[in-house]
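# Summary of the model geometry
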Amino acid sequence: MVDILLVNDDGIYSNGLLALKSVLKEELDANVIIVAPTNQQSGVGRAISLFEPLRINKTKLSNGDYGYAVSGTPTDCVILGIYKILKKIPDMVISGINVGENLGTEITTSGTLGAAFEGAHHGAKSLACSLQITADYLKFREGETPVDFTTPSKITSKVVKKYLDGNFPCDVINLNIPEDADENTPIEITKLAKKMYSTHVEERTDPRGRDYYWIDGYPIVEEEEGTDVYVLRKKGHISLTPLTLDTTIKNLNEFKDKYEKVLNY
């Protein structure tokens with residue numbers, strides 16, 4: 001039986017956690033342990049709580065199962081899940097299923113990817129999975145509009161099985177699933193796009209006359225062919241991007257030949 005640590009930056013009560021756990025247990029006969037933040041932690045990246053204490057609370061979930069709620073970030077959840085709850089490196093760390101896609105180089109800000117990278121850092125196979133939402137995103141995010149995670153969970157489980165069975169030469173898989181995907185939707189291996197959102201800053205004024213700001217953006221669709229943004233948003237296919245912890249440039253020797261003497265002059 002494989003041990004899977006399941007995390008979700010949407011919080012301990014995310015429906016994506018329960019749906020994915022159910023499918024993984026049924027299809028892979030996996031031992032799935034849920035460890036997730038007590039509240040919403042989107043956009044925190046790979047932040048870790050170094051200067052405040054953390055608490056773990058065993059929490060009863062809506063289907064009667066139990067998970068562990070951590071008063072910290074998704075990365076904190078992975079660390080405590082490995083070293084205090086499981087007390088061993090699991091076969092796999094899965095982060096998701098996230099409400100909303102995680103694409104492009106902006107994944108560095110994602111709590112979903114932060115947890116997956118942390119799992120890989122400690123030696124586990126790691127996968128981040130996210131579901132595209134194109135309607136009223138905030139209503140989905142706040143749980144006002146239900147999301148059916150059944151099909152995305154089955155797609156994720158299929159990829160997890162292949163990942164566990166095969167020696168994929170990557171540290172993290174970033175899986176993004178279209179909202180209307182079915183189990184026959186093609187999976188394409190992609191590279192990261194430059195951006196998934198445009199950048200916009202809205203300025204407002206509070207009742208006391210002081211300025212404040214909202215940072216937001218609009219989804220980008222027109223990206224280079226073969227990127228995750230193009231495959232998911234333009235073609236409507238599942239995007240699978242293999243990622244590495246080592247972000248050193250690929251042409252390091254060329255860089256050294258060109259600049260090492262300049263730097264030491």
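Data block above holds the structure.
Please read all numbers here as calculations on a predicted model, not as lab measurements.

### Comments concerning the overall build of the chain
Each helix and strand counted, the chain has seven helices and 11 strands in total. Compactness check: the chain gives a C-alpha radius of gyration of 19 Å against a globular reference of 18 Å for 265 residues, within 12% of the reference. Considering only C-alpha atoms, the chain reaches an extent of 65 × 55 × 45 Å along its principal axes. Here the chain holds 265 residues, and 46% of them are scored as buried.

### Some thoughts on the side chain of N176
Position of N176 among the secondary structure elements: in strand β7 (residues 172–177). For N176, the side chain forms a polar contact with the main-chain nitrogen of N102, separated by 2.8 Å. Leave out the neighbours within four places in its chain, and N176 touches E101, N102, L103, S130, L232, H237, I238 and S239.

### Focus: a nonpolar patch on the surface
Together, I249, L252, F255, Y259, V262 and L263 make up an exposed nonpolar region whose accessible area comes to about 570 Å². Using a relative accessible area of 41% as the deciding quantity, one classes I249 as partly exposed.

### Quick look at unusual backbone geometry
A cis geometry characterises the amide bond from G96 onward to I97, with omega recorded as 5°. Mapped onto the secondary structure, I97 falls in strand β5 (residues 92–99). A positive phi angle, close to 60°, is found at K87, a residue other than glycine. With respect to the element layout, K87 can be found in the loop between α2 (74–86) and β5. Relative accessible area serves as the criterion here: at 63%, K87 is assigned to the exposed category.

### Remarks on the nonpolar core
Among the nonpolar cores identified, the biggest contains 35 residues, and I4, L24, I94, L127 and V160 are the most heavily contacted of them. Secondary structure elements with two or more residues in this core: β1 (3–7), α1 (15–28), β2 (31–37), β5, β6 (125–131), α5 (150–165), β7 and β11 (238–243). For I94, the contacting residues outside a window of four places in its chain are I4, L5, L6, V7, L20, L24, L127, C129 and V160. Formed by 13 residues, the second largest nonpolar core is a distinct cluster that contains V7, C77, V78 and I82.

### Brief notes about the packing of aromatic side chains
Within this structure, the stated rule accounts for two aromatic pairs. Look at F255 and Y259: their rings are 4.8 Å apart centre to centre, the planes differ by 45°, and that puts the pair in the tilted class. Separated by four residues within a single helix, F255 and Y259 lie in helix α7 (residues 252–263), roughly one turn from each other. With a relative accessible area of 33%, Y259 lands in the partly exposed category. The side chain of K58 reaches across the aromatic face of Y66, ending 5.4 Å from its centre. The aromatic ring of Y197 is capped on one face by R233, whose charged end is 5.4 Å from the ring centroid.

### So, α2
A bend of about 35° at L80 is the largest found in α2. Along α2, the residues that are buried comprise P74, T75, D76, C77, V78, L80, G81, I82 and L86. Close packing links the buried residues of α2 with β1, β2, β3 (56–60), β4 (66–70), β5 and α3 (111–121). In the segment just after α2, K87 is the residue with positive phi, at about 60°.

Analysis parameters
Residues numbered from 1 in each chain as written. Predicted model: local features only at pLDDT ≥ 70, side-chain atom pairs only at ≥ 80, totals over all residues. Heavy atoms only, no water. Helix = DSSP H or I, 4+ residues; strand = E, 2+ residues; numbered from the N terminus. Rg over C-alpha atoms; globule rule 2.2 N^0.38 Å. Buried < 20%, exposed > 50% of the residue type's maximum accessible area, 1.4 Å probe, protein only. Polar contact = N/O pair within 3.5 Å; in protein donor to acceptor, adjacent residues only side chain to side chain. Contact = heavy atoms within 4.5 Å. Patch = residues over 30% accessible without salt bridge, like charges linked within 9 Å, V, L, I, M, F, W, Y side chains within 5 Å. Areas by Shrake-Rupley, 256 points an atom, 1.4 Å probe, with all protein chains shown as cover. Salt bridge = Lys/Arg side-chain N within 4 Å of Asp/Glu carboxyl O. Core = buried A, V, L, I, M, F, W, Y, C linked by side-chain atoms within 4.5 Å. Phe/Tyr/Trp six-rings, centres within 6.5 Å; stacked < 30°, edge-to-face > 60°. Lys NZ or Arg CZ within 6 Å of the ring centre and 35° of its normal. Bend = angle between axes of the 7 residues up to and from the residue.

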